Every structure is written in structure tokens, then in C-alpha cells.
Amino acid sequence: MTALKEFARLETDGIWFCEPGAEPRPVTISFGEATLVLSDESGLPVTHWSLPALHRLNPGERPALYAPDAEASETLEIEDDTMIGALERVSRAVAARQPRPGRLRQGMIAGGLVLGLGLALFWLPGALMQQTLGVVPPGKRSEIGATLLGMIQKTTGPSCRDPLGSEALGRLRDRLLGRDGGQIVVLPEGLAGPLYLPGSILVLPQELIESTEDPAVIAGHVLATQASREAHDPLDALLREAGFATVLKLLTTGDIPTEKLQERAEQLITTPAPRAEDDLLLDSFAEAGVPIGPWARATDPRGDVSAVLVAAEPAGAAGPVISDGDWVSLQGICRD
């Protein structure tokens, strides 16, 4: 309600001009819910003016002259001070609710700054991350992965390179990942579990190979780590840990600060690759023709998860993972 409650029954007389130059007509003026009602001598309303649209044409003068619009298509003269005061209070109340241009501009500027800051804090880093991941060439990824591997080997010792074992490992890689499947490296000690580094470098701890008599378990570790890489880009994880400044530096200069790589290397030693979703694991094992049961049971001693995976495994003949001779050679890959 626009009209003031204490003036809900206020009435007074006035002179109405229905158009510019028209003859003056005496009218009775009264408040409506949101209008000023002008009635003739018989009490019949002749027009309704919107209170929010009311214009005072001669502030401070008497009689007060009002119009229902900016064009002053009609005018109304009022002498009564009480009615004039009521109308002025209504006008001030309406004006206070209108947005002021200066405040609007300030609000728009402030809103723009807040929006820009929000974009900078939340959208820009993510967008820049995706842009960077999309433009880093394979050669640079390989360089980053090799650097991380070198830093990890300062803790674990150099990679195992027995000639017969290395040949067997190469054939296992070809069998599981294809000739273009990157590189598999075995490190002698200190790793908490398999890793996948940028540049298609898959790292296995020697302990995994020595602790099982079933080559399907090792094949499972290779396939599971590869599946993890498909779901979680290792370069993405590195950059998220390193922060926005590192992302920007890599994008603009092609380099990652050495201290950031060292921090990531230390973290990887104690943090195995994250486990991929079951559907992706099942697809990877099925495509390679490797049974998922041996790996699932080896990584799930309680059997809850392995039972689910084995039950969901599609039926099909699985080929041999590796020859007996290659398996013996692979188990001796770290011999001095």
C-alpha cells in the first residue's frame, strides 16, 4: 500500500484541469490504496492518479500544483496544507524506494568486481588448467615424467635392469598395453604401490613381483594402474598440487619449478595411483584378456570388493599372461 495509514480517510477540495488550457473544475480529493481519487460535485470519481507517479510542479509555492505524469497532461491545484503534507510524505517514501543512478553504478561496478574476482578464483584456474593440459606436448610430458622418476630413484635406488628380466618386462608391456603403451619400470624398494607418471611411465615396486607366484597378479597391477591413468591424468594431479602459479609458469615458459617436482616426487613415493572405477577396470581387463580375480583378491584380502568384481567379470577365454620362462626372468629383474 502506497498511501499512508494515518491519511487513509483524508479528503480536501481542489481545482482540476483535465488538460492544458481547460476550464477549471472543482473536485474532491481523497486517498485510495495507491491512487489519488478526484470526484465531481455529485461524488462520482472523474479520474484516478497513481500516487507513485505523482509530480509536484511548483515545489514550495501555493497553491501546490500537481500532475499525474511528467508531461503534465492534467493538473491539480491544492490549498490544504494537510493534504499537501500527506502527498509530500508519499512522494518522499516513493523516491526513497527508487534506485539512485549513482548507487546503481556503484552497485554494478562492485558487482562486476565481485564477479570478476569470483571468475578469477574459481573459473579461471580450472579453465587455465584445462588449457595447459591440452597444449603440453608429449615430449614435455615425457621430460616431466623422467625428471620425477629420477627424483624418486634417489629414494628407491635405480631401476632394475637385468637383461633377461628387462626383455620379459618388455614383452609383458606389449602383451598388455601394446608396443606404443609407454614404458614399465621396476624400482627395488621404498614405493608404497604402483605409480603412473606423466609421459606414459608406469612404475612397479619389486616387492609386488617377488610377493606373488601368479603373473596374472602383476598383469593386473599394470592394467589397474593404466586404468587409473585414463581416469586421473598424472600431470593434472601434479599441477593441482603445485598450484596456480605453477600452471601459469608451465603454460608461459614450458617449465615447472624444480622444488615443485621434488615435492610431488616425495608425495608419489608414499601415495600409490588412485583406484579406477570398477567399470573401467572390468573393461581394461576384458580388453587385455586377463582374468581380474587374481589381482582383485591380492589387493582385497577381505574379499568384499574382489567378489563383486569377479561376479561382474564378463565370460570369455583369457589367454596366457606371460610364458613361464619370461615369468622366471621377470622375477629376477632386480638381481645384481
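Below is a summary of the structure that appears in this document. Note that the structure is a prediction, hence the values are computed from the model and not measured. (Residues numbered from 1 in each chain as written. Predicted model: local features only at pLDDT ≥ 70, side-chain atom pairs only at ≥ 80, totals over all residues. Heavy atoms only, no water.)

**Quick word on the overall build of the protein chain**
Counting its secondary structure elements, the protein chain contains 13 helices and 10 strands. Per-residue burial over the protein chain gives 41% buried out of 336 residues. The long-range fraction of contacts in the protein chain, counting pairs at least 24 apart against all pairs at least 6 apart in sequence, stands at 58%. Accessible area of the protein chain: about 18400 Å², with a carbon and sulfur share of 54%. (Helix = DSSP H or I, 4+ residues; strand = E, 2+ residues; numbered from the N terminus. Buried < 20%, exposed > 50% of the residue type's maximum accessible area, 1.4 Å probe, protein only. Contact = heavy atoms within 4.5 Å. Areas by Shrake-Rupley, 256 points an atom, 1.4 Å probe, with all protein chains shown as cover.)

**Concerning the nonpolar core**
Core analysis: the largest hydrophobic core is formed by 34 residues, its most contacted members being Leu176, Val186, Leu281, Val290, Trp295 and Leu330. In terms of residues, this core owes the most to one element, helix α6 (residues 215-231), which gives seven residues. What Trp295 contacts, discounting residues up to four positions off in sequence, is Ala216, Val217, Gly220, His221, Ala224, Arg275, Leu281, Phe285 and Leu309. Counting residues in hydrophobic clusters, the runner-up holds 25 residues, among them Val136, Val185, Leu238 and Leu268. (Core = buried A, V, L, I, M, F, W, Y, C linked by side-chain atoms within 4.5 Å.)

**Looking at the packing of helix α4 (residues 163-177) against α6**
Look at α4 against α6: their axes get within 11 Å of each other, and the N-to-C directions meet at 55°. With respect to their mutual orientation, α4 and α6 come out oblique. The handedness of the crossing between α4 and α6 comes out as right-handed. Counting all contacts with α4, which are made through Leu172, Leu176 and Leu177, the residues of α6 involved are Ile218, Ala219, Val222, Leu223 and Gln226. (Axes fitted to C-alpha atoms, helices over the stretch in contact; angles between N-to-C directions. Parallel < 35°, antiparallel > 145°, perpendicular 65-115°, else oblique. Left-handed = near helix turned anticlockwise from the far one by under 90°.)

**Topic: the side chain of Asp40**
Assignment of secondary structure puts Asp40 in the loop between β3 (35-39) and β4 (45-50). An unpaired buried charge is present at Asp40: no salt bridge exists, and Arg25, the closest side chain of opposite charge, is 4.7 Å distant. Side-chain polar atoms of Asp40 contact the side chain of Ser42, separated by 2.7 Å. Sequence-distant contacts of Asp40, defined by excluding residues within four places in its chain, comprise Arg25 and Val46. (Lys, Arg positive; Asp, Glu negative; His and termini not counted. Salt bridge = Lys/Arg side-chain N within 4 Å of Asp/Glu carboxyl O. Polar contact = N/O pair within 3.5 Å; in protein donor to acceptor, adjacent residues only side chain to side chain.)

**Some words on helix α10 (residues 278-288)**
Where α10 is concerned, the buried positions are Leu281, Leu282, Ser284, Phe285 and Ala288. Considered in projection along α10, the buried side chains sweep an arc of 165° and stay on one side of the axis. Residues of α10 that are exposed and point more than 90 degrees away from the buried face comprise Asp279, Asp283 and Glu287. One or two steps after α10, the chain reaches Gly289, where phi turns positive at roughly 70°. (Arc of directions from axis to C-beta.)

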